[in-house]
Amino acid sequence: MDINISKKARFSTLLKFVSPNEQTIPDFNADEGEIVYRYENHTTIIYCGTGSADAITTTKVRFFAAKGIQKALDLKRTEVSIIVDGTLCSSQYSSAVIEGIILGAYKFDKYKSETPRRIKHLEIIGSTLNSADLKKIKSIACAVNYARDLVNSNAHEITPVFLEKEARKLSENKSVSLEILTEKEIKKNGLNLLHAVGQASPTPPRLIIIDYKGDPRSNKKVAIVGKGITFDSGGQNLKPTGHIEPMRIDMAGAATILAVMRCLVESKTRINVTGVVAAAHNAIGSNAFFPGDVYKSYSGKTVEILSTDAEGRLILADALAYCVKKYSPDEIIDFATLTGGILSALGDLIAGLFSNNETLAQSLFSSGEITGERLWRFPLYKEYCDAMKSDIADLRNLSKFKKGYASSITGAAFLSEFIDNTHWAHIDIAGTAYNEGQCRGDTPQYGTGFGVRLMMHYLTDRI
Ligand code: BES
Ligand code: MG
Ligand code: ZN
């Protein structure tokens with residue numbers, strides 16, 4: 001799909017945005033995302049309602065632009081001229097239109113025998129954006145779609161080694177250096193938790209570090225870390241039917257990291273970011289790690305395994321500690337489909353935010369409000385950390401609380417043991433990474449790519 005800026009409409013399908021007070025089309029209120037189409041002199045005009053012009057926000061624009069392009073797709077159009085005028089002319093809103101169009105046109109059709117028709121050419125008419133702006137917006141929105149593809153594809157394809165290959169593609173760039181720990185090196189370096197989780201799989205674990213130096217003159221650097229469980233069977237604490245089926249999505253945090261790194265590299269962003277992916281397949285098998293056993297983590301702290309299904313915190317513990325020790329970032333932010341509990345608390349609309357630093361938490365929260373990838377912060381009081389202390393080891397990977405009590409917070413409390421004093425935020429995306437329901441405008445069914453736009457905003461808006 002190519003998108004260009006054009007002075008006048010060349011295609012026979014037009015997408016126009018109208019607000020309730022400017023529209024004159026019968027039986028159409030121009031409510032937010034309401035669509036009608038009309039044939040006029042050899043052209044099809046798709047009218048897309050924006051709702052009240054005074055109440056427009058970028059999140060709404062993204063939503064209704066996505067609805068508009070989905071109508072064009074329904075009508076099997078392959079070329080569409082998009083008219084951006086009136087309130088939508090500003091760079092902020094026309095950027096959101098383009099994002100909504102690219103995100104809304106996404107369809108995961110890899111496993112369909114008949115490939116549905118796709119949009120081939122798009123042009124934007126009337127926006128104040130220049131081609132450099134367009135390139136940047138495209139890069140971010142395409143990165144979101146890339147993360148979605150990674151999440152949606154079969155677990156047999158998206159293995160830890162596959163994720164390593166994706167990272168290697170970025171190393172062609174001069175500003176990128178890679179560090180990859182193989183299974184042997186994971187063991188040799190004492191990342192025993194990551195090793196344990198991955199040990200029963202025929203596809204061995206990896207620690208993947210993409211160090212991007214976009215601003216070599218600066219010493220400041222942010223690290224972003226992703227949970228990359230390529231399939232979470234639960235291990236010996238096997239997940240039951242009804243819970244196991246979507247578990248190829250358990251690498252959504254890793255997908256977010258790879259997509260953000262790809263976007264930073266592609267747009268030559270002047271910032272230093274270390275992207276870390278802890279990748280393993282949590283398999284069941286005769287070689288699987290045992291519930292009840294104690295392992296020594298990379299940090300030196302010992303961990304009693306009380307559930308092999310609480311594996312995300314194990315691989316992240318080693319990845320966080322390794323990253324802090326070897327790369328000394330100023331701040332570290334992790335993305336993980338960590339707990340089902342976050343779905344009970346916030347549903348699939350908002351991700352959980354946990355942090356040991358007010359400023360970091362506030363900035364991330366603001367980026368969430370602006371991008372529409374919203375976050376809500378939870379407390380990390382001492383009692384939650386105490387609940388992760390073990391009698392036989394330093395820590396336990398399951399809390400002492402009653403089953404299901406505060407599982408998202410205690411999961412985060414466990415992670416907080418592995419970051420020393422580094423400013424840290426943990427974002428639990430177990431709810432937002434995957435949409436089990438129907439498409440909601442710019443949020444498709446299945447993998448959503450949540451976190452990519454949030455992180456790009458957080459990282460680039462502050463420099
Ligand atoms: N990968 C799951 C969390 C998850 C649940 C992701 C639903 C996406 C959708 C994680 O590894 C897990 O199994 N968590 C357990 C933790 C519990 C054993 C403390 C959970 O949430 O039940
Ligand atoms: Mg699990
Ligand atoms: Zn998991």
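This structure is a prediction, so every number in the text was calculated from the model and none was measured.

1. A short note on the sheet that holds strand 5 (residues 79-83)
With mixed pairing, 6 strands are arranged side by side in an open sheet as 1-6-5-2-4-3. Each having just a single partner strand, strand 1 (2-6) and strand 3 (35-40) make up the two edges of the open sheet. Going from strand to strand, the sheet's axes swing by 25° on average, the running direction of each strand aside. Looking at chain direction, strand 2 (residues 13-18) and strand 4 (residues 43-49) are connected through 6 bridges and run parallel. Across the sheet, Leu15 pairs through a bridge with Ile46, a residue of strand 4.

2. Observations concerning the site of ligand 1
Looking at ligand 1, there are 15 residues lining it, with Lys239, Asp250, Asp309, Glu311 and Gly340 nearest. Side-chain polar atom of Lys239 to an oxygen atom of ligand 1: 2.8 Å apart, as the coordinates give it. At 2.9 Å from a nitrogen atom of ligand 1 is found a side-chain nitrogen or oxygen belonging to Asp250. Notes on ligand 1: free accessible area 520 Å², of which the protein chains cover 80%. Split into classes, the residues belonging to the shell around ligand 1 amount to 4 nonpolar, 4 polar and 7 charged.

3. Notes on helix 10 (residues 358-371)
Across its 14 residues, helix 10 extends 20 Å between first and last C-alpha, which sits within 8% of the 20 Å expected from 1.5 Å per residue. Packing partners of the buried residues in helix 10 comprise helix 1 (58-74), strand 13 (331-336), strand 14 (351-355), strand 15 (375-377), strand 17 (423-428) and helix 13 (452-460). The residue sitting at the N-terminus of helix 10 and contributing the capping side-chain oxygen is Asn357; that oxygen lies 3.2 Å from the backbone nitrogen of Thr359. In the segment just after helix 10, Gly372 is the residue with positive phi, at about 85°.

4. Here we look at the domain arrangement of the protein chain
Many structure descriptions define interface size as the accessible area lost when the parts assemble. Looking at the assigned domains, one finds that the protein chain contains domain 1 (2-129) and domain 2 (146-460). Each partner contributes to the interface: domain 1 provides 14 residues, whereas domain 2 provides 15 residues. Of the roughly 1,200 Å² buried between domain 1 and domain 2, counting both surfaces, carbon and sulfur atoms make up 50%. Among the residues of domain 1 in contact with domain 2, Leu103, Tyr106 and Phe108 are the three that bury the most area, contributing 43% of the side total. There are 2 salt bridges connecting domain 1 and domain 2. Inspection of the region where domain 1 meets domain 2 yields 8 residue pairs in polar contact (both at pLDDT 80 or more). At 7 residues, the largest contribution of residues to the side of domain 1 that touches domain 2 is made by helix 1. Looking at the side of domain 1 that touches domain 2, its residues break down into 6 nonpolar, 4 polar and 4 charged.

5. Section: the coordination of the magnesium ion (ligand 2)
For the magnesium ion (ligand 2), every protein donor is listed as Asp232 (OD), Asp309 (O), Asp309 (OD) and Glu311 (OE), and the spread of their distances is 2.1 to 2.2 Å. One way to put it: the 6 donor atoms around the magnesium ion (ligand 2) meet at angles of 71 to 168°, and that makes the site irregular. Read from N- to C-terminus, the donor residues coordinating the magnesium ion (ligand 2) fall into the pattern D-x76-D-x1-E.

6. Comments concerning the pairing of strand 4
For strand 4, a buried count of 6 out of 7 residues is recorded, marking the element as mostly surrounded by other parts of the structure. Inspection of the sheet shows strand 3 paired to strand 4 by 6 bridges, in the antiparallel sense. Paired with Arg38 across the strands is Ile45, a residue of strand 4. With antiparallel pairing between neighbouring strands as the criterion, strand 3 and strand 4 make up a hairpin whose turn holds 2 residues, including Asn41 at a positive phi of roughly 40°.

7. Things to note about the pattern of salt bridges
Overall, the coordinates contain 19 salt bridges when judged by the stated rule. Across the pair Arg453 and Glu99 runs a salt bridge whose closest N-O atoms are separated by 3.9 Å. Here Glu99 lies in helix 2 (residues 91-104) and Arg453 lies in helix 13, a separation of 354 residues in the sequence. Where Lys169 meets Glu166, a salt bridge forms, and the shortest distance between an N and an O atom there is 2.8 Å. Note that Lys169 and Glu166 are positioned in helix 4 (residues 160-170) at a spacing of 3 residues, about one turn of the helix. Overlapping salt bridges bring together Arg62, Glu99 and Arg453 as one network.

8. Things to note about the coordination of the zinc ion (ligand 3)
At 2.0 to 2.4 Å from the zinc ion (ligand 3) lie its protein donor atoms, namely Lys227 (NZ), Asp232 (OD), Asp250 (OD) and Glu311 (OE). The site at the zinc ion (ligand 3) holds 6 donor atoms, and with the angles between them running 79 to 174°, its shape is octahedral. Donor residues binding the zinc ion (ligand 3) come from one chain and are separated in sequence as K-x4-D-x17-D-x60-E.

9. Quick notes on the nonpolar core
Judged by nonpolar contacts, the single largest core of 87 residues is most densely connected at Ile82, Ile333, Leu364 and Ile427. If you tally residues by element for this core, the top one is helix 7 (residues 252-266), at 11 residues. Both domains that furnish three or more residues to this core are identified here as domain 1 (2-129) and domain 2 (146-460). In contact with Ile427, other than residues within four places in its own chain, are Ile333, Asp334, Phe335, Ala336, Ala351, Gly352, Leu353, Leu364, Leu375 and Leu454. Membership of the second largest hydrophobic core comes to 51 residues, among which are Leu191, Val303, Leu338 and Met388.

Procedures and definitions
Residues numbered from 1 in each chain as written. Chains lettered and ligands numbered in written order. Predicted model: local features only at pLDDT ≥ 70, side-chain atom pairs only at ≥ 80, totals over all residues. Heavy atoms only, no water. Pairing = 2+ DSSP bridges. Helix = DSSP H or I, 4+ residues; strand = E, 2+ residues; numbered from the N terminus. Axes fitted to C-alpha atoms, helices over the stretch in contact; angles between N-to-C directions. Near = heavy atom within 4 Å. Polar contact = N/O pair within 3.5 Å; in protein donor to acceptor, adjacent residues only side chain to side chain. Areas by Shrake-Rupley, 256 points an atom, 1.4 Å probe, with all protein chains shown as cover. Nonpolar A, V, L, I, M, F, W, Y, C, P; charged D, E, K, R; others polar. Expected span 1.5 Å × (residues − 1). Contact = heavy atoms within 4.5 Å. Domains from an automatic or database assignment. Buried area = accessible area lost by both parts, 1.4 Å probe. Salt bridge = Lys/Arg side-chain N within 4 Å of Asp/Glu carboxyl O. Donors = N, O, S within 2.8 Å, 3.2 Å for Na, K, Ca; no water. Tetrahedral: all angles 85-135°; square planar, octahedral: opposite > 155°, others 65-115°. Buried < 20%, exposed > 50% of the residue type's maximum accessible area, 1.4 Å probe, protein only. Core = buried A, V, L, I, M, F, W, Y, C linked by side-chain atoms within 4.5 Å.

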